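# Analysis of the macromolecular model
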Amino acid sequence: TRPPYAPLGADTLPDRLWHRPELTRLLGPPAQWRVREVGDGNLNLVFIVEGRDGSLVVKQALPYARVVGESWPMSLDRAFFEYEASLRLGARDPGRMPTLHLFDREQALQVMEHLTPHIILRKGLIAGTRYPALGEHLGHFLARTLFRGSDWAMETAHRKADLALFAGNVELCGITEDLFFTDPFFDCPRNRHNPALDAEVATVRADRALKLAALRLKARFCTGAETLLHGDFHTGSVMVSAQDSRVIDAEFATYGPMGFDIGSLLANLWMAAFSQEGLRPGDADARAYRRWIRDLAAQIWRVFTDEFARLWRTERAGILGGHDLFEAQSDREGAEQALAARLAAIWHDTLGFAGLEMYRRVLGLAHIAEFEAIGDEAARGACERRALRLGRALAVTPERFADVAAVNALAVELDGG
Ligand code: SR1
Ligand code: MG
């Protein structure tokens, strides 16, 4: 009989996993394993195991949300959905997810490649590091995973099966629905905010236009099952080295609108840019660096649209120029017209979701390290206020922003240069 679920500890891990060939093959003899718990995310345990012959990461779900504690029970099934999503996202953009070596559903445990010398992108952005290949990697990842998980690319039977599978990720979807679209807009006990923003919080409570936008976007998220999303695609879900970028932590995966992943990522970049003045006040490089971050956001959107268009022209099934149909004359113009309409709709969604991501990271439960690292409340409040202003404009008046340059222009104006 298999042992029931039990959380691992750095001291117990070798005794619990010494018999797994996937580990001994890559690490060498268990007696020589050195184990560190390094998880600093909101949900899980993460261990780095180093052995004679190599190193691995062991990730295990806890039966509660680590960020809150045992008072917030959480299903271990999230490890299963993360595993299933990682397989699909990894196949749709090969090389961008860590290699998986083992999944044990009962123990809610995955063993994967130890990415080294990679660090979490959010930490790299706080440190002011530039990553030359990142924009291309993330733009491609978004285009390939979002396009290839959709009905533009998948056969009906496969897509419906996946839709049904990921519809089971109920608990984590529920967290997103609450934390993203609901909590920041009322006096939820889970919320917390910088006291320097008390006036802004009072304004949000009375802001009907913003609440209407949040309701509209929640409906888009809940009903717009366009593709398999990563579902939590912020700068804490990307690991980077000088040349490489990897995507981790797909446990919030669900079918949803393409703009959700794109908006989550771009919002975190715009917030990282706003944090620079608070992190390094008056520093000339911090100013240059925030321009680099804004340019990165623009590059990601450009690479995304170029790659999405390429896939549309080469991998799409169906009428108007898609393959697999014997049309008398393929309608190239119609295909381009449909592509432009699709990209415009994705952009519109992207803006709205980006706007709400900013609200939830400033006023909700799960804040971001860029702002939290600014010790002075007033200085931090100034940065957070800019994020709220940009967020409101994106969510409530998306039609103001024809393209990413228009968003960056408002970010520059709010940042004073
Ligand atoms: C209780 S989970 C809080 C947040 O952490 C994750 O990274 C997701 O962003 C989630 O919303
Ligand atoms: Mg995560």
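About the cut-offs
- Residues numbered from 1 in each chain as written.
- Chains lettered and ligands numbered in written order.
- Predicted model: local features only at pLDDT ≥ 70, side-chain atom pairs only at ≥ 80, totals over all residues.
- UniProt positions renumbered as here; feature names shortened; annotations may be inferred.
- Near = placed C-beta within 6 Å.
- Nonpolar A, V, L, I, M, F, W, Y, C, P; charged D, E, K, R; others polar.
- Domains from an automatic or database assignment.
- Pairing = 2+ DSSP bridges.
- Helix = DSSP H or I, 4+ residues; strand = E, 2+ residues; numbered from the N terminus.
- Axes fitted to C-alpha atoms, helices over the stretch in contact; angles between N-to-C directions.
- Contact = placed C-beta atoms within 7 Å.
- Buried ≥ 20, exposed ≤ 12 C-beta atoms within 10 Å, placed from the backbone.

Per an unreviewed UniProt entry, the protein carries the name S-methyl-5-thioribose kinase and comes from Ancylobacter mangrovi. Recorded under Subunit (unreviewed entry), the UniProt text for the protein is reproduced unchanged: "Homodimer."

Before going further, it helps to examine the site of ligand 1. As a matter of local geometry, ligand 1 sits amid Asn42, Leu43, Ala65, Val67, Ile175, Leu179, Asp232 and Ala366. A per-class count over the shell around ligand 1 returns six nonpolar, one polar and one charged. A domain split of the shell around ligand 1 shows at least three residues from each of domain 1 (13-113) and domain 2 (119-415).

Reading across from one edge, 1-2-3-7-6 is the order of the five strands in this open sheet, with antiparallel pairing throughout. Only two strands of the sheet have a single partner each, and these edge strands are strand 1 (34-37) and strand 6 (100-104). Mean inter-strand twist for the sheet, computed between neighbouring axes without regard to direction, equals 20°. By the bridge criterion, four bridges tie strand 1 to strand 2 (residues 44-50) in an arrangement that is antiparallel. Note that in strand 2 the partner of Arg34 across the bridge is Glu50. Contacting strand 3 (55-61), strand 6 and strand 7 (109-113), helix 3 (residues 78-92) crosses the sheet at an angle of about 35° to strand 7.

Looking now at the environment of Phe260. Secondary-structure assignment places Phe260 in helix 10 (residues 258-279). The buried category is assigned to Phe260, around which 33 C-beta atoms lie within 10 Å. Considering only alpha carbons, one finds Phe260 and Glu50, 210 residues apart in sequence, at a separation of 36 Å. Beyond its immediate sequence surroundings of up to four residues, Phe260 is in contact with Phe221, Leu229 and Phe353.

Read from one edge of the open sheet, three strands run 8-10-11, paired in antiparallel fashion. Of all the strands in the sheet, the pair left with one neighbour each is strand 8 (119-120) and strand 11 (245-247). Inspection of the sheet shows strand 8 paired to strand 10 (residues 238-240) by two bridges, in the antiparallel sense. Residue pairing across strands places Ile119 opposite Val240, the latter belonging to strand 10. Along the sheet face, helix 5 (residues 134-148) touches strand 10 and strand 11 and points at about 30° away from the line of strand 11.

Here the focus is the environment of Ala288. Examined against the element boundaries, Ala288 turns out to sit in helix 11 (residues 284-315). Remark: the alpha-carbon pair of Ala288 and Cys222, spanning 66 residues in sequence, is separated by 39 Å.

Now for the UniProt feature "domain: Aminoglycoside phosphotransferase" (unreviewed entry) in the protein. Taken from the UniProt record, the annotation "domain: Aminoglycoside phosphotransferase" (unreviewed entry) applies to residues 35-286. For residues 35-286, helix accounts for 44% and strand for 19%, while the C-alpha atoms at its two ends are 36 Å apart.

What sits between the antiparallel neighbours strand 1 and strand 2 is a turn of six residues. Pairing analysis gives seven bridges linking strand 2 to strand 3, with the strands arranged antiparallel. From the neighbouring strand, Leu45 faces strand 3, where its bridge partner is Gln60. Here strand 2 folds back onto strand 3 in antiparallel fashion, the turn holding four residues.

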